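In case you want the letters, here they are:
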Amino acid sequence: MRWIPLPIGIDNFEKVVKGGYYFVDKTMFIKELLDMKGEVNLFTRPRRFGKTLNMSMLRYFFEFGQADNSELFQGLKIMQSGEKYLASMGQYPVISISLKSMKQLSYDDAFYCLQEELAGEFKRHDELLPRLPYEDDREKYLRFIGRKAEPKEYLGSLKFLSECMYRCYGRKAVILIDEYDVPLENAYFNGFYDRMVSVIRALFESALKTNDCLEFAVVTGCLRITKESIFTGLNNLNIISITNNTFAEHFGFTQDEVEKMLQDYGLEDNLETVRQWYDGYCFGDTEVYNPWSVINYVNSCYKDKNAFAKPYWSNTSSNSIVKNLVEHADISVKQEIEALIEGDTIEKPIHGDITYADMDSTQDNLWNFLFFTGYLKKISERQEGETIYMEMAIPNSEVRYIYK
């Protein structure tokens, strides 16, 4: 059997396809996105569940430009979905930024990181420069490339870039923003949360709320930060969290996908180990495995098919937050966590809105955080009045290890 390399830590779609890496086909995500026609779509999923690779896939599918990316999708499911969907391939200018590197200790350093990210995206589209009809727009564009724009100019930078695209191409832009909540989480723990909230809110409002040059947008993150603070007035916002049935199978690996992967690597006998350690998540009504851990585990079996399972997810960024929250929790919470480790379930009220500023204020926020970040899974749910109560348990051996 020929060993197919696994894309550990590779989240660029083109590199995965052209590099001959093993790829679990998630291209029907594109079809569902086009079917649902949401203008601004916020996907919240735990860390390392394939958000960035999916965003890269969207860019290569929709982006209009000199390169023909259709070859990247040959043999993938989207190519069999019909002309209605293929008609959108390569039809839009795409703005794609990631905020996941904004983890600096000070506001100034984090803001500089944002400037760097935006400068890179303006450079990526520098073919617009000679085509802009107005000198002041060209000068402004060059200021963004050189990271010399005024701080207030950055708040409208994404809207400005989409306007430049519309002027040059006569086409509205697709805007992709990956890991939007990383700078907020970082700012909360480093003492400049309010300043960062103001920046992200203004950036989003101008680009996503009052932008006639927007075709549609996809935003990803780990949590939905309370609508009032970040998504103020975004009445075109479609929120898809782990409680939704729509889009459920596009992040993480399904049972069928895991079985096929193990079969492809001659590891069918390891299915029960993989299930105990890395399964147990429930997105909507769809059973999901942790893709990061499954890929790492299969890779560990290259020389030894009986390699021990390990907690590969335990070094992800949100663990430090969980540790912090549990350390500050009272004795009753710690007792409940000990009961969960022993295999019990708990029932708690769950709501989609989370604000880092209120994280420590009620224990309900802690349970919400643990649920939406993948540290607890849904067993059952019921509604009482306006409140949803979720019965929850620890998903698998890997997460139990983290709690211990």
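The rules behind the values
- Residues numbered from 1 in each chain as written.
- Predicted model: local features only at pLDDT ≥ 70, side-chain atom pairs only at ≥ 80, totals over all residues.
- Heavy atoms only, no water.
- Helix = DSSP H or I, 4+ residues; strand = E, 2+ residues; numbered from the N terminus.
- Rg over C-alpha atoms; globule rule 2.2 N^0.38 Å.
- Buried < 20%, exposed > 50% of the residue type's maximum accessible area, 1.4 Å probe, protein only.
- Contact = heavy atoms within 4.5 Å.
- Areas by Shrake-Rupley, 256 points an atom, 1.4 Å probe, with all protein chains shown as cover.
- Lys, Arg positive; Asp, Glu negative; His and termini not counted.
- Charge placed at Lys NZ, Arg CZ, Asp CG, Glu CD.
- 1 Å grid on protein atoms, 1.4 Å probe; cavity = no way out; pocket = protein on both sides within 12 Å on 5 of 7 lines; lining within 4 Å.
- Points joined across faces, edges and corners; volume = space filled by probe spheres on them.
- Nonpolar A, V, L, I, M, F, W, Y, C, P; charged D, E, K, R; others polar.
- Axes fitted to C-alpha atoms, helices over the stretch in contact; angles between N-to-C directions.
- Parallel < 35°, antiparallel > 145°, perpendicular 65-115°, else oblique.
- Left-handed = near helix turned anticlockwise from the far one by under 90°.
- Pairing = 2+ DSSP bridges.

A.B. asks: Quick one: what's the story with the overall build of the protein, residue by residue and with numbers?
C.D. replies: Across its full length, the protein carries 17 helices and 10 strands. Taking 22 Å as the expected radius of gyration for a compact globule of 404 residues, we find that the protein reaches 22 Å, a close match to that expectation. In terms of overall dimensions, the protein has a C-alpha envelope of 65 × 55 × 40 Å along the principal axes. The buried share among the 404 residues of the protein stands at 54%. Once local pairs closer than 6 in sequence are excluded, the contacts in the protein between residues at least 24 apart make up 74%. In the structure as shown, the protein presents an accessible area of about 17,800 Å², 46% of it carried by carbon and sulfur atoms. Within the protein, the 61 negative side-chain charges are centred at a point lying 4 Å from the centre of the 46 positive side-chain charges.

A.B. asks: Report on helix H16 (residues 363-372), specifying residues and quantitative values.
C.D. replies: Burial runs high along H16: 8 of the 10 residues are buried. Within the span of H16, buried status applies to Asn365, Leu366, Trp367, Asn368, Phe369, Leu370, Phe371 and Phe372. Glycine 374, located one to two residues past H16, shows a positive phi value of around 95°.

A.B. asks: Which residues make up empty space enclosed by the protein, and what are the values?
C.D. replies: Considering all chains together, one arrives at 1 cavity of 30 Å³ or more under this definition. Of the voids in this model, the largest cavity is the one considered here, and its volume is about 50 Å³. Contributing to the lining of the largest cavity are Pro46, Ile242, Tyr281, Cys282, Phe283, Phe371, Gly374, Leu376, Lys377 and Lys378. Elements represented by at least two residues in the lining of the largest cavity include exactly strand S6 (281-283) and strand S9 (377-384). Examining the composition of the lining of the largest cavity, we find that 3 residues originate from one element, S6, more than from any other. A class-by-class count of the residues in the lining of the largest cavity yields 7 nonpolar, 1 polar and 2 charged.

A.B. asks: Please provide a residue-by-residue account of unusual backbone geometry, values included.
C.D. replies: Of note, the phi angle at arginine 147 is positive, near 55°, even though the residue is not glycine. As for its position among the elements, arginine 147 is in the loop between helix H6 (135-145) and helix H7 (151-154). Residue class for arginine 147 comes out partly exposed when judged on its relative accessible area of 30%. One non-glycine residue, phenylalanine 247, adopts positive backbone phi at about 60°. Examined against the element boundaries, phenylalanine 247 turns out to sit in the loop between strand S5 (237-240) and helix H11 (255-264). Phenylalanine 247 gets classed as buried once you look at its relative accessible area, which sits at 0%.

A.B. asks: Account for the packing of helix H9 (residues 182-190) against helix H10 (residues 193-209), naming residues and giving values.
C.D. replies: Relative to each other, H9 and H10 sit at 160°, their axes nearing to 8 Å. With respect to each other, H9 and H10 are oriented roughly antiparallel. The chirality of how H9 crosses H10 is right-handed. For the pair formed by H9 and H10, the contact residues are Pro183, Leu184, Ala187 and Tyr188 on the first element and Tyr193, Met196, Val197 and Ile200 on the second. Partitioned by chemical class, the residues of the contact of H9 with H10 number 8 nonpolar, no polar and no charged.

A.B. asks: Can you lay out the sheet that holds strand S8 (residues 346-350) for me, pointing to particular residues and giving the numbers?
C.D. replies: In space, the 3 strands of this open sheet follow the order S8-S10-S9, with antiparallel pairing throughout. For this open sheet the edge positions go to S8 and S9, each flanked by a neighbour on one side alone. Taken over all neighbouring pairs, the strand axes of this sheet differ in orientation by 30° on average, direction set aside. Relative to strand S10 (residues 387-393), S9 runs antiparallel, the two sharing 7 bridges. Looking at S10, one finds that lysine 378 is bridged to methionine 392.

A.B. asks: Before we move on, can you summarise the layout of surface pockets with the specific residues and values?
C.D. replies: Taken as a whole, the largest pocket holds about 700 Å³ of empty space. What lines the largest pocket is a set of 32 residues, and nearest its centre among them are Asp11, Arg48, Phe49, Gly50 and Trp292. Counting residues per element, the ones that place at least two in the lining of the largest pocket are helix H3 (51-62) and helix H13 (291-300). With 4 residues, H3 is the largest single contributor of residues to the lining of the largest pocket.

Any functional reading would require information that these geometric values do not contain.
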